[in-house]
Every structure is written in structure tokens, then in C-alpha cells.
Amino acid sequence: MGLVFFCLILILSYLVFFNLLFLLITKYDLLAETNTHFLNVSAALQMIKIEISMTFRRNPWISSLRAQWFSLDVQIRALEQRQGYRFEEVGPLFPASRGHCWWTQDLPVNIKFIIEGMEEAGSVALEELVEKEKNRFFSGVDYIVISDNLWISQRKPAITYGTRGNSYFTVEVKCRDQDFHSGTFGGILHEPMADLVALLGSLVDSSGHILVPGIYDEVAPLTEEEINTYKAIHLDLEEYRNSSRVEKFLFDTKEEILMHLWRYPSLSIHGIEGAFDEPGAKTVIPGQVIGKFSIRLVPHMNVSVVEKQVTQHLEDVFSKRNSSNKMVVSMTLGLHPWIANINDTQYLAAKRAIRTVFGTEPDMIRDGSTIPIAKMFQEIVHKSVVLIPLGAVDDGEHSQNEKINRWNYIEGTKLFAAFFLEMAQLH
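From a predicted model like this one, the values you see are computed outputs, not experimental measurements. (Residues numbered from 1 in each chain as written. Predicted model: local features only at pLDDT ≥ 70, side-chain atom pairs only at ≥ 80, totals over all residues. Heavy atoms only, no water.)

On to helix H5 (residues 192–201), then. Every buried residue of H5 is accounted for by Pro-192, Asp-195, Leu-196, Leu-199 and Leu-200. Buried positions in H5, seen along its axis, are confined to an arc of 130° and lie on one side of it. Lining the buried residues of H5 we find strand E7 (165–174), strand E9 (266–273), strand E11 (288–297), helix H9 (303–320) and strand E12 (326–335). (Buried < 20%, exposed > 50% of the residue type's maximum accessible area, 1.4 Å probe, protein only. Helix = DSSP H or I, 4+ residues; strand = E, 2+ residues; numbered from the N terminus. Arc of directions from axis to C-beta. Contact = heavy atoms within 4.5 Å.)

Dropping the structure here:
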């Protein structure tokens with residue numbers, strides 16, 4: 001039978017119809033249960049109306065793919081000329097897929113795709129599916145690679161080995177179902193909005209320090225090795241600030257900024273449901289309001305412990321206000337942080353591929369956001385995970401006009417082709 005190995009590449013894109021692309025690399029036939037058809041992808045982009053249909057067959061699939069990708073390139077050429085970018089948010093999907101389309105001989109590895117389109121809605125049932133298929137579709141998987149996040153510079157590539165988790169909370173303060181008029185009731189009520197503003201204001205101070213007692217107790221201690229990792233990272237603070245369009249950050253040094261983005265927790269207040277937020281001067285007193293905030297978690301914080309700490313803190317603050325209103329705290333989402341071993345063989349292969357394509361050593365970075373599928377695969381499939389981002393720091397992740405530059409698209413294609421070769425040479 002020969003040696004079997006697999007490499008899984010997961011590409012998260014946030015289109016309405018799909019945003020996760022998994023490439024599972026095997027040495028056997030691709031999805032044999034589907035006979036000759038390995039994948040049918042149909043993606044409709046409202047702006048450019050791309051339709052992709054890829055069929056993988058035992059012999060002629062490379063030339064077929066070339067023809068289909070050429071057709072795709074023709075369809076998007078007008079968009080590229082107008083914007084100078086590629087594919088808005090779907091960017092990493094195409095270089096990773098294209099990276100294996102240039103071969104004129106048998107690929108050194110085979111590839112499986114899985115498309116998942118509910119990442120922004122919590123990836124409902126994905127964990128259940130992976131658990132169900134771990135001994136079938138995912139059997140024998142050795143390596144998992146994800147391409148979703150960004151570099152921290154315009155031109156220097158990076159490899160990501162960790163992400164923060166996320167605990168998302170709502171705190172509801174209610175007097176009654178109906179709103180009040182401030183001329184009729186103002187001054188004689190415990191107003192829900194006043195209570196909520198006090199609660200939200202008790203969570204974090206002006207320097208970004210979280211005020212919930214005990215929240216930092218389980219944060220992994222800072223080591224000298226980790227400090228040296230931050231020092232080695234190339235980060236132009238002026239470029240980073242300008243690309244972010246921020247006048248001033250909370251911290252002045254590269255090391256402080258990176259540590260507070262990656263290895264320390266942060267608390268962000270996201271909004272208030274039920275408040276008057278339209279133009280004009282409405283004098284309403286909301287009868288019920290819901291505040292929304294989240295805490296980005298880091299190793300070794302525990303989701304359940306954080307939930308108890310936050311709930312206890314808000315209950316203590318609320319009780320001191322002697323309000324007659326009712327308060328309810330709920331954690332609606334709890335995702336653990338993820339971190340990998342940068343000495344795993346696939347990290348070494350990714351480094352070699354980057355040196356081949358870009359002629360430089362990659363930045364070894366972590367990501368302040370949350371990619372729950374990374375930890376999910378690591379725990380269920382029991383294989384290490386590496387993130388190989390392709391996008392530049394100014395790609396506008398989760399923002400208006402999200403994009404990927406042409407240069408990143410082209411070099412990213414080369415990178416994945418080189419990475420496939422490096423993975424094959426491991427065996």
C-alpha cells in the first residue's frame with residue numbers, strides 16, 4: 001500500500017455561500033466513494049458573479065482545471081482592472097487551489113476539499129460532522145493547514161501558530177417591556193440604560209486593562225523565549241498605524257503591542273440592543289436594554305471559569321446600585337484559544353517553502369482573533385495545525401471592501417505549490 005500521509009489545508013473565506021476551504025492531501029484516490037467526481041463548487045458572487053465548477057478525475061483533471069481556471073480568470077479580469085485587487089474576501093481560496101493546478105505531472109500529494117459556509121454563524125453542526133467523519137473522511141490525516149488570517153506587514157510573509165479564544169456575553173437590564181417618556185418618568189425611575197452603562201463601564205479601564213477580578217490569574221506566564229520571538233518579528237509601527245488608520249495605540253513599543261494583541265486577554269464592548277440609535281432627538285427611556293461585549297481568551301484561560309468570573313463581577317456591581325431593575329448575564333459563545341508547536345515538521349516545511357518563494361524567513365506570529373476550527377481539528381483529528389496566511393496587513397479583514405492584492409495572489413499560488421512539494425519530501 002505504501003506510505004500514506006495527508007495534509008489538510010483549511011481556507012476560511014466569508015462569502016454567503018461558503019467560507020471554509022479544506023484541502024486534505026492524501027496518497028490515495030480522492031473521495032473514492034464519489035467515484036470520478038471529487039468536488040463540485042458553485043459560488044455566486046453578487047458583484048462579479050463567479051461560478052466555479054471543478055471536477056477531479058483520475059487522469060485528465062489537471063488540464064480540465066487549467067481550462068476552468070482560465071475561464072474564471074477571464075470573468076474576473078474586468079474587476080481586477082477596476083480595483084487592482086482580487087476576489088474581495090474569498091482571496092486565499094484561489095491561490096491555494098491554483099497552487100496545485102500548475103503541475104504537468106502527477107501531484108506529489110492528492111487533495112480533498114470540504115466547503116463550509118456557516119463560519120460567521122458559529123459553524124453550526126461542524127464539530128459534530130468532524131467527529132462523525134474522523135474515522136472515515138478524515139482517517140489517516142497527518143497534517144492540517146489553514147489559510148485565513150493576515151500578515152502583520154505589507155510584504156513580509158508569516159506563519160501563524162496560535163489564536164485567541166472568545167467568550168461573548170450579553171447583559172440584559174429590564175424594567176418593563178415598554179419604553180418610557182423622559183418627560184413623564186425621568187427622575188423617578190432606575191433607568192435601565194443608566195444601569196447598563198454603569199455595568200459596561202465597570203469591565204475595562206482606559207488603558208485596556210480588564211477590571212474583572214481574577215481574569216488574569218490563569219494567563220500563561222511570559223517566558224524569555226517568547227519575548228525573543230516578539231523581538232525577532234518585523235513590524236513597522238508607523239506602517240501598521242497608518243494602514244489601520246489609527247492616530248495612536250495604547251502602547252508605544254512593538255513588543256507591547258504584539259503581546260497585548262496575542263498573548264494577553266482583551267475586552268471589547270460591541271453595542272447596546274434596545275437603545276435609541278437613529279438620527280434625531282428622541283426623548284425615550286428604554287424599558288429594556290441588552291449590552292454586548294466579548295473577552296478574547298489566551299492560554300491557559302478556561303471558558304467556564306471566565307463565565308463565572310464575569311457573572312460574579314457584574315452581579316456585585318449591580319447589587320451596589322440598589323436598582324429595582326432585573327439583570328441577566330449570559331455567555332452566548334465560548335471558544336477556547338489555540339496554540340501549536342512551531343517545531344512540528346509541517347512548520348519546518350512551511351518555512352522552507354516561504355524561503356524558496358520569498359527569499360526570506362517568515363515572521364512567526366500569533367493572531368488576536370479566533371479561528372475555532374483550528375482547535376477543533378487539533379483535538380478531534382489529533383493532528384497538529386499550522387496557519388499559512390496570504391493577505392497583507394491592509395486587506396481589511398471583516399471590513400468594507402475586503403481584498404487581496406494581486407502580488408499576494410500570485411506569490412501565494414507559488415507558496416502553496418512549494419509547500420506541497422515540501423510536504424511530499426517529508427516522506
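Turning to the side chain of Ser-266, a few remarks are in order. One can find Ser-266 in strand E9. Within the structure, Ser-266 has its side chain in polar contact with the side chain of Arg-164 (distance 3.2 Å). Apart from the residues lying within four places of it in its own chain, the contact partners of Ser-266 are Arg-164, Ile-210, Ser-294, Ile-295 and Arg-296. (Polar contact = N/O pair within 3.5 Å; in protein donor to acceptor, adjacent residues only side chain to side chain.)

Moving on: the packing of helix H10 (residues 345–358) against helix H12 (residues 406–425). Axis angle and axis distance: for two packed helices, these are the angle between their axes and the distance between the axes, and together they describe the pair. Contact geometry of H10 with H12 gives a least axis separation of 8 Å together with a crossing angle of 130°. Classified by the interaxial angle, the pair formed by H10 and H12 is oblique. In this structure, H10 meets H12 at a crossing whose hand is right-handed. Together, Gln-346, Ala-349, Ala-350, Arg-352, Ala-353, Ile-354, Thr-356, Val-357 and Phe-358 of H10 and Trp-407, Glu-411, Lys-414, Leu-415, Ala-418, Phe-419, Glu-422 and Met-423 of H12 make up the contact between the two elements. Residues belonging to the contact of H10 with H12 are distributed by class as follows: 11 nonpolar, two polar and four charged. (Axes fitted to C-alpha atoms, helices over the stretch in contact; angles between N-to-C directions. Parallel < 35°, antiparallel > 145°, perpendicular 65-115°, else oblique. Left-handed = near helix turned anticlockwise from the far one by under 90°. Nonpolar A, V, L, I, M, F, W, Y, C, P; charged D, E, K, R; others polar.)

Quick look at the packing of aromatic side chains now. Aromatic ring pairs are reported here in terms of the distance separating the ring centres and the angle at which the planes meet. Counted by the stated rule, this structure contains 10 aromatic pairs. When the centroid spacing of 5.1 Å and the interplanar angle of 85° are considered together, the rings of Phe-137 and Phe-138 count as edge-to-face. Judged by relative accessible area, which is 5%, Phe-138 ranks as buried. Relative to Phe-185, the ring of Phe-180 lies with its centre 5.0 Å away and its plane at 65°, an arrangement referred to as edge-to-face. By relative accessible area, which is 6% here, Phe-180 ends up buried. Take Phe-185: its relative accessible area is 27%, and that puts it in the partly exposed class. The rings of Phe-137, Phe-138 and Phe-377 are connected pair by pair, giving a single aromatic cluster. (Phe/Tyr/Trp six-rings, centres within 6.5 Å; stacked < 30°, edge-to-face > 60°.)

We now examine the sheet that holds E7. Pairing is antiparallel in the open sheet, where four strands are placed in the order E9-E11-E7-E12. Whereas interior strands pair on both sides, the edge strands pair on one side only; in this sheet they are E9 and E12. The mean inter-strand angle of the sheet, taken between neighbouring strand axes irrespective of direction, is 20°. Of the strand pairs in this sheet, E7 and E12 are connected by nine bridges, and their pairing is antiparallel. Note on E12: the bridge partner recorded for Val-171 is Val-329. (Pairing = 2+ DSSP bridges.)

Position of Gln-346 relative to the elements: it lies in helix H10. Judged by relative accessible area, Gln-346 falls into the buried class, the value being 0%. Gln-346 has contacts with Tyr-143, Ile-144, Val-145, Ser-384, Val-385, Val-386, Phe-419 and Met-423, leaving out every residue within four places of it along the chain.

Applying the stated rule across the entire model yields 15 salt bridges. A salt bridge links Arg-136 to Glu-133; the shortest N-O distance between them is 2.7 Å. The class of Arg-136 is exposed, set by a relative accessible area of 52%. Three or more residues are tied together by salt bridges with common partners; here these are Glu-226, Arg-263 and Arg-366. (Salt bridge = Lys/Arg side-chain N within 4 Å of Asp/Glu carboxyl O.)

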